[in-house]
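The chain contents come next:
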Amino acid sequence: MDKPAYHFDRWGTYLGRVDESGRYFDSRGALCGMIDDRGTLTGTDGSSRGRVDVQGQVWDEGGKYAGFFLPAVRPRAVSGMQRAV
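The structure contained in this document is the topic of the report that follows.

Conventions we followed
Throughout this document, residue positions are counted from 1 along each chain, in the order its sequence is written. Per-residue local features are limited, in this predicted model, to residues with pLDDT of at least 70; the limit for side-chain atom pairs, both in listing and counting, is 80 or more; totals at the level of whole chains, interfaces and linings are taken over all residues. Water and hydrogen atoms play no part in the side-chain values, which are based on all heavy atoms of the structure. A 1.4 Å probe that fits but cannot get out identifies a cavity on a 1 Å grid over protein atoms alone, an open set with protein on both sides within 12 Å along at least five of seven lines counts as a pocket, and a residue lines either if it has an atom within 4 Å of a point. Grid points are joined across faces, edges and corners, and a volume is the space filled by probe spheres set on the points. Working definition: helices are DSSP H or I runs of at least four residues, strands are E runs of at least two. Numbering for both runs from the N terminus. Each residue is assigned to one class: nonpolar for Ala, Val, Leu, Ile, Met, Phe, Trp, Tyr, Cys and Pro, charged for Asp, Glu, Lys and Arg, and polar for all the others, Gly among them. Here's how the labels work: a residue is buried when its accessible area is under 20% of the maximum for its type, exposed when over 50%, partly exposed in between, all with a 1.4 Å probe on protein chains only. Here, a strand pair is defined by DSSP locating no fewer than two bridges between the strands.

Moving on, we get to the layout of surface pockets. Rolled over the atoms, a probe as big as a water molecule pinpoints where empty space is left. If you add up the space inside the largest pocket, you get close to 240 Å³. For the largest pocket, the lining is made up of 16 residues, of which Y24, C32, L41, R49 and V58 are closest to its centre. Of all the secondary-structure elements, those providing two or more residues to the lining of the largest pocket are β4 (31-35), β5 (40-43), β7 (57-60) and β8 (65-71). Here the residues of the lining of the largest pocket are counted per class, giving eight nonpolar, five polar and three charged.

Now for the pairing of β5. In regular strands, side chains alternate between the two faces of the sheet. Of the two faces of β5, only the one carrying L41 and G43 is buried; T40 and T42 on the other face are not. Two elements, β4 and β5, share three bridges in a ladder whose sense is antiparallel. Directly across from M34, in β5, lies its bridge partner T42. The antiparallel pairing of β4 with β5 creates a hairpin that spans four residues between the two strands, and G39 there sits at a positive phi of about 90°. As paired elements, β5 and strand β6 (residues 48-52) share three bridges and run antiparallel to each other. Bridge pairing in β6 places L41 opposite G50. Counting the residues that bridge the hairpin from β5 to β6 gives four residues, and of these G46 lies at a positive phi of roughly 90°.

In C-alpha cells, the structure reads:
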C-alpha cells in the first residue's frame, strides 16, 4: 500500500487516514495506531488490530472485512492554457 492513504468503510464513509510514516489517525484526527510495510495494523497499545492486503482492503483481527484504503491524490499544477473556461 502506498502511503499516505484514506480509509473508508464498505459504504464509502470516511474513517481515517495513514500518513507517510505509517501512523493511522481516525476521522477526528486522533492517533489510533500504526501500519507497517507488511500491512499489519497495530494499535497504540501494541496489540494487533488486523491487516491491509495488497489491494488496500482492510481486515480486522477477526478476519472480517473492515473497509478499504484509497491513495491520497496530490493536486498538480495546471497552466492557464489547460484550465476550462
